[in-house]
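Below are the chains, spelled out letter by letter.
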Amino acid sequence: GVEGAIHHGFTPILEALAKSQVDPNTGKAYEVTYAPKVLRSALFGLYQEKRDMDDPTLIAKVFRELCPETDDGRTKRIIIE
């Protein structure tokens, strides 16, 4: 991750680089997610209930939403926050 990427103008560069990544084993492009709300909520406490970042239920919720199990884990993901 790059701290400050969103507010320092690096986002278009990061997004272009991320979208050009290909899994060398499958040849599939990586799935790119930009500023996902679920991650922002977890990081910045926007959930109605306050929980610690090391709360396993919070971590599980974030991963379930960011990485749905639709393809047996074969899709590689890049998350830009």
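Residues numbered from 1 in each chain as written. Predicted model: local features only at pLDDT ≥ 70, side-chain atom pairs only at ≥ 80, totals over all residues. Heavy atoms only, no water.

Enquirer: Where do I start with the overall build of the protein chain in this structure?
Expert: Helix and strand counts for the protein chain stand at three helices and two strands. Ordering the α and β elements of the protein chain from the N terminus gives α-β-α-α-β. For the protein chain, with 81 residues in total, the buried portion stands at 23%. (Helix = DSSP H or I, 4+ residues; strand = E, 2+ residues; numbered from the N terminus. Buried < 20%, exposed > 50% of the residue type's maximum accessible area, 1.4 Å probe, protein only.)

Enquirer: Would you take a moment to explain the environment of Ala29 for this structure?
Expert: Note that Ala29 resides in the loop between helix H1 (11-19) and strand E1 (31-34). Among the residues examined, Ala29 registers a relative accessible area of 47% and is labelled partly exposed. When the C-alpha positions of Ala29 and Lys19 are compared, they lie 7.2 Å apart, and in sequence the two are 10 residues distant. Setting aside residues up to four positions removed in sequence, Ala29 forms contacts with Gln21 and Val22. (Contact = heavy atoms within 4.5 Å.)

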